[in-house]
Protein chains: 2
Amino acid sequence: MSNKIEFIYLSEPDTIKLGITDAPAWVDVCEEVFGLLAKGDYLMGGPNHNSHGMGIIFPKESPFPNMPVAGPDRRFFAMPAYLGGRFDVCGNKWYGSNAANTAKGLPRSILTVLINDKDTGAPLCHMSANILSATRTGAIPAVATRHLARKDSEVCAVIGCGPINKSCFRHIVTQAPNLKKIITYDIFLDKAQAFADWAKSEFGLEASATTELPEALKEADLVTVAASRLKPLHIESSWIKKGALVMLTGPAKGDDDLWLKSKIVYDNIKLHEAYVEEAYASGDVPGYYAGVIGGPIYTLIDEGKLPKLEDSTDIGNVILGNKPGRTSDDETIIFVACGMAVFDVACGFELYQRALKQGVGQKLLLWDEPYIK
Amino acid sequence: MSNKIEFIYLSEPDTIKLGITDAPAWVDVCEEVFGLLAKGDYLMGGPNHNSHGMGIIFPKESPFPNMPVAGPDRRFFAMPAYLGGRFDVCGNKWYGSNAANTAKGLPRSILTVLINDKDTGAPLCHMSANILSATRTGAIPAVATRHLARKDSEVCAVIGCGPINKSCFRHIVTQAPNLKKIITYDIFLDKAQAFADWAKSEFGLEASATTELPEALKEADLVTVAASRLKPLHIESSWIKKGALVMLTGPAKGDDDLWLKSKIVYDNIKLHEAYVEEAYASGDVPGYYAGVIGGPIYTLIDEGKLPKLEDSTDIGNVILGNKPGRTSDDETIIFVACGMAVFDVACGFELYQRALKQGVGQKLLLWDEPYIK
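Criteria and cut-off values
Residues numbered from 1 in each chain as written. Chains lettered and ligands numbered in written order. Predicted model: local features only at pLDDT ≥ 70, side-chain atom pairs only at ≥ 80, totals over all residues. Heavy atoms only, no water. Least-squares fit on C-alpha atoms with pLDDT ≥ 70 in both. Contact = heavy atoms within 4.5 Å. Axes fitted to C-alpha atoms, helices over the stretch in contact; angles between N-to-C directions. Helix = DSSP H or I, 4+ residues; strand = E, 2+ residues; numbered from the N terminus. Parallel < 35°, antiparallel > 145°, perpendicular 65-115°, else oblique. Left-handed = near helix turned anticlockwise from the far one by under 90°. Nonpolar A, V, L, I, M, F, W, Y, C, P; charged D, E, K, R; others polar. Salt bridge = Lys/Arg side-chain N within 4 Å of Asp/Glu carboxyl O. Buried < 20%, exposed > 50% of the residue type's maximum accessible area, 1.4 Å probe, protein only. Pairing = 2+ DSSP bridges. Core = buried A, V, L, I, M, F, W, Y, C linked by side-chain atoms within 4.5 Å. Domains from an automatic or database assignment. Expected span 1.5 Å × (residues − 1). Buried area = accessible area lost by both parts, 1.4 Å probe. Polar contact = N/O pair within 3.5 Å; in protein donor to acceptor, adjacent residues only side chain to side chain. Right-handed = clockwise from strand over helix to strand, strands pointing away.

Colleague: Tell me what's going on with the relation of the copies chain A and chain B, and back it up with residues and numbers.
Modeller: Between chain A and chain B, the superposition needs a rotation of 180° and an axial shift of 0.0 Å, giving an RMSD of 0.0 Å. Both chain copies can therefore be described as sitting about a two-fold axis. When the interface residues of chain A are mapped onto chain B, 100% of them again fall at the interface, so both copies present the same face.

Colleague: Describe the packing of helix 3 (residues 130–148) of chain A against helix 12 (residues 341–358) of chain A, and please don't skip the residues or the numbers.
Modeller: All names here are of chain A. Orientation of helix 3 relative to helix 12, taken along the N-to-C sense of each, is 120°, at an axis distance of 10 Å. Overall, the two elements helix 3 and helix 12 adopt an arrangement that is oblique. Note that helix 3 runs across helix 12; the crossing there is right-handed. Between helix 3 and helix 12, the residues in contact are L132, S133, R136 and I140 and F343, D344, C347, G348 and L351, respectively. A per-class count over the contact of helix 3 with helix 12 returns five nonpolar, two polar and two charged.

Colleague: Summarise the pattern of salt bridges; cite the residues concerned and give the values.
Modeller: Under the definition given, this model contains 51 salt bridges over all chains. Salt-bridge contacts for D152(A) lead to R150(A); the nearest nitrogen and oxygen are separated by 2.9 Å. With a closest N to O distance of 2.8 Å, K373(B) and E369(B) form a salt bridge. For E369(B), a relative accessible area of 38% gives the class partly exposed. Three or more residues joined by partner-sharing salt bridges are found here, namely E32(A), R86(A), E350(A) and R354(A).

Colleague: Outline the sheet that holds strand 16 (residues 313–314) of chain A, listing residues and values.
Modeller: All names here are of chain A. Within the open sheet, the eight strands sit side by side as 10-9-8-11-13-17-15-16. Their pairing is parallel. Unpaired on one side and paired on the other, strand 10 (206–210) and strand 16 mark the two borders of the sheet. Bridging between strand 15 (residues 263–266) and strand 16 involves two bridges; their strand directions are parallel. Bridged to V265 within strand 16 is T313. Along the sheet, helix 3 makes contact with strand 11 (222–225), strand 13 (245–248), strand 15 and strand 17 (333–336), crossing strand 13 at roughly 160°. The sheet contacts of helix 5 (residues 189–203) involve strand 8 (155–159), strand 9 (181–185) and strand 10, and relative to strand 10 the element is tilted by about 175°.

Colleague: Residues and numbers for the nonpolar core, please.
Modeller: Counting residues in hydrophobic clusters, the biggest one holds 116 residues, and the most contacted among them are I159(A), F169(A), F335(A) and V342(A). Among the elements that make up this core, the one with the highest residue count is helix 12 of chain A (ten residues). Taken domain by domain, the makeup of this core includes at least three residues from each of domain 1 (5–133 + 342–367) and domain 2 (149–340) of chain A. Aside from chain neighbours lying at most four places away, what touches V342(A) is V33(A), L37(A), Y42(A), M44(A), A81(A), Y82(A) and L83(A). The next biggest cluster of nonpolar side chains, apart from the first, holds 114 residues, and it includes A157(B), A244(B), V292(B) and V360(B).

Colleague: Now, about helix 12 (residues 341–358) of chain B: what can you tell me, with residues and values included?
Modeller: Residue and element names in this part refer to chain B. Compared with the 26 Å implied by 1.5 Å per residue over 18 residues, the 25 Å span of helix 12 between its first and last C-alpha is a close match. Within helix 12, 14 of the 18 residues are buried, leaving the element largely enclosed by the surrounding structure. Looking one or two places after helix 12, you find G359, whose phi comes out positive at around 65°.

Colleague: Outline the packing of helix 3 (residues 130–148) of chain B against helix 4 (residues 163–172) of chain B, supporting the account with residue identities and numerical values.
Modeller: All names here are of chain B. Their axes nearest at 7 Å, the elements helix 3 and helix 4 cross at an angle of 45°. On the basis of their axis angle, the class for helix 3 and helix 4 is oblique. In this structure, helix 3 meets helix 4 at a crossing whose hand is right-handed. For the pair helix 3 and helix 4, contact is made by A134, T135, T137, G138, A139, P141, A142 and T145 and by I164, S167, C168, H171 and I172, respectively. Residue classes in the contact of helix 3 with helix 4 are distributed as seven nonpolar, six polar and no charged.

Colleague: Before we move on, can you summarise unusual backbone geometry with the specific residues and values?
Modeller: Residue and element names in this part refer to chain A. Non-glycine residue H49 carries a positive phi angle of around 60°. As for its placement among the helices and strands, H49 is situated in the loop between strand 2 (42–44) and strand 3 (54–56). Relative accessible area serves as the criterion here: at 21%, H49 is assigned to the partly exposed category. Even without being glycine, D73 reaches a positive phi, approximately 55°.

Colleague: Which residues make up the domain arrangement of chain A, and what values go with them?
Modeller: Residue and element names in this part refer to chain A. Splitting chain A by domain gives domain 1 (5–133 + 342–367) and domain 2 (149–340). For domain 1 and domain 2, the distance between their C-alpha centroids amounts to 24 Å. In total, domain 1 and domain 2 occlude about 1800 Å² of area from one another, counting both sides; carbon and sulfur atoms represent 65% of this. Applying the counting rule to domain 1 against domain 2 returns seven residue pairs in polar contact (both at pLDDT 80 or more). Within the residue set of the side of domain 1 that touches domain 2, elements represented by two or more residues are helix 2 (23–39), strand 2 and helix 12. With ten residues, the top contributor of residues to the side of domain 1 that touches domain 2 is helix 2. Of the residues assigned to the side of domain 1 that touches domain 2, the class counts are 13 nonpolar, six polar and four charged.

Colleague: Describe the pairing of strand 8 of chain A, naming the residues involved and giving the relevant values.
Modeller: Note on strand geometry: in a regular strand, side chains alternate between the two faces of the sheet. All names here are of chain A. Of all five residues in strand 8, five are buried; the element is thus mostly enclosed. Neither face of strand 8 is exposed, since V155, A157 and I159 on one face and C156 and V158 on the opposite face are all buried. Two elements, strand 8 and strand 9, share five bridges in a ladder whose sense is parallel. Residue V155 lies in a different strand from strand 9, and its bridge partner there is K181. Read from strand 8 through helix 4 (residues 163–172) to strand 9, the crossover connection turns out right-handed. Relative to strand 11, strand 8 runs parallel, the two sharing four bridges. Directly across from I159, in strand 11, lies its bridge partner V225.

Colleague: Pulling in residues and values, what's your account of the sheet that holds strand 17 (residues 333–336) of chain B?
Modeller: Backbone-to-backbone hydrogen bonds pair the strands of a sheet. The strands run either parallel or antiparallel. All names here are of chain B. Here we have eight strands laid out as an open sheet, ordered 10-9-8-11-13-17-15-16, and parallel in their pairing. Looking at which strands have only one partner, the edges of the open sheet turn out to be strand 10 (206–210) and strand 16 (313–314). Relative to strand 13 (residues 245–248), strand 11 (residues 222–225) runs parallel, the two sharing four bridges. Within strand 13, the position partnered with V223 by the bridge is V246. Most of the contacts of helix 5 (residues 189–203) go to strand 10, to which it runs at about 175°, and overall it touches strand 8 (155–159), strand 9 (181–185) and strand 10.

Colleague: Tell me about the interface of chain A and chain B, and name the residues and values.
Modeller: Each partner contributes to the interface: chain A provides 78 residues, whereas chain B provides 78 residues. Applying the counting rule to chain A against chain B returns two salt bridges. Between R74(A) and D119(B) there is a salt bridge, with its nearest N and O atoms 2.6 Å apart. Broken down by element, the residue count for the side of chain A that touches chain B peaks at six residues, all from strand 18 (residues 362–367) of chain A. Considered class by class, the residues forming the side of chain A that touches chain B number 41 nonpolar, 25 polar and twelve charged.

Structural data, given as structure tokens:
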């Protein structure tokens, strides 16, 4: 028996060849993952099986002149997971992120995903994962749109006009057949305008740009929030249209009513329980909450003003038909989504399967025969 | 300006071509890392900058027939780090481990290391890391031998005769010029005998094998412990020769005197502080201690029988001349070493540098121009 191990490498152009930019397919893949999350057929990092991952956290200052120090969006992160169902593989996303990259003509984060055999640990496919990561992040609110939006949604507000929301919008648009208009908001008008222009030319939509948040929100049936973490966003509940679906891919704050008078639907309740657990373990609950998307919600749960996480609704159970999603056209729904390694594993596995079928990618040798057994 | 990014891939044969099996060089590299650890010029994972890493921990049982369940040495682990000095890069080791691999003719763990630019996060070098990982693990006790052993050490006991101790011994032997004899111990005599035969033919040493631990230890000036975690090892202090250096690469238990009457030298005090911190955060201190090499020592520290970690000696400060190492020929020293991602990053960077110089490895394209900026 040969013990030779080879695996596939996919460059970014390879992942494009394999369809990573074809939005609708990835909405289906992410919907499938949500079903597996609701069933519990997955494992992420740590003893609670639900950790987001482990980062290298840079210190505020360092006596060593070469050591990286804390900066905007600056970190490295490893995100391991096992995903079941037809995927049935392990994998890890590993990336470095630094806002200073953009000045160098590079994306803010540079990411790769490695997919591994769940039994032996052998690498199966290593890939450039910048588009993959943006795609899975964008496909997630599109799954929410499919299951939680009013069917007659005509107007979408894009809050934050960076590459993540571009991916969100590209995917959301595939699930909103009656969409007629996009309103873009950013603290920089030129960014908002460029996004609006792109949406107009790409999708033939009516488009306008604003730096006024209430203006952006007032007509919107769909709201996708992915603003920079560097500038906190404040949303008043009164600015939201009745019956809207607000999809949080990035953090936002608001008045208490924003959360108390909406139905909150989570991506994965166990993940949020893990965040709360980690917050309490950190010894600085408010500090920890301030850094995560669900922070304002966890605070209200701790205060007894919102139902406990275990009694809340997750989208996976809505998809599986176990829990009600939208129950009336007037209901305002907030969908909360955090990054989860299982989605990277799912999309990475899908690309790996396509690569095998289509003969795309480079075959790399790990060894002909292992030197050490 | 071109934004093209390429990186190097090294197969296991490439890493051999680049000298990963040339033991003495890697002892020097690991000695250098210990100096950087003592100075503090590194960051590992988590808020305390000293986490071992993050694993996928398989459950004891699962309702999903395909989901991996807990088994001997079965886990996946991500180990991220930044290392300063001349290295000045970030990296991540990612591996899957499963004792069942050996029946398939595969090593127990299958590992890769990815080295990244500390500023942009761009991948620099991805590599097969099975030999690398065994090499750094084996080179670490060799650094201890260089700095802590009696210069006239003639006999080495090898406790546990698997591939890890083979790597330990290959490196230790380069630092023990007066070594004449090896005594191998394993619960399986054939494994111990095979190791002894190998050492005899490879290094021309007098060699014997035993399944009796006291027998293995009684003459030994150097003791390298890397036995399977599956079968706990119990060492009585009275079995150890006066003046010996006992190097723990794997866990061992013993009577209290084993720890109380020896000088304990740590690989990195901050790492052990992080282990203790994680033990207390876990809510099950004895359970956590039972799973880590330093467990028996932390217990005695908590009981006030051993000095606090912060008042203890680490090998890096011995190397830098800041703390005394061995102070007499009669002193018994126990060196405690756990796996640390910084060593993987160091060896990975060194291979990357050699690959650049020697033109070894395959150049892989990440992208010609990033699709998303």
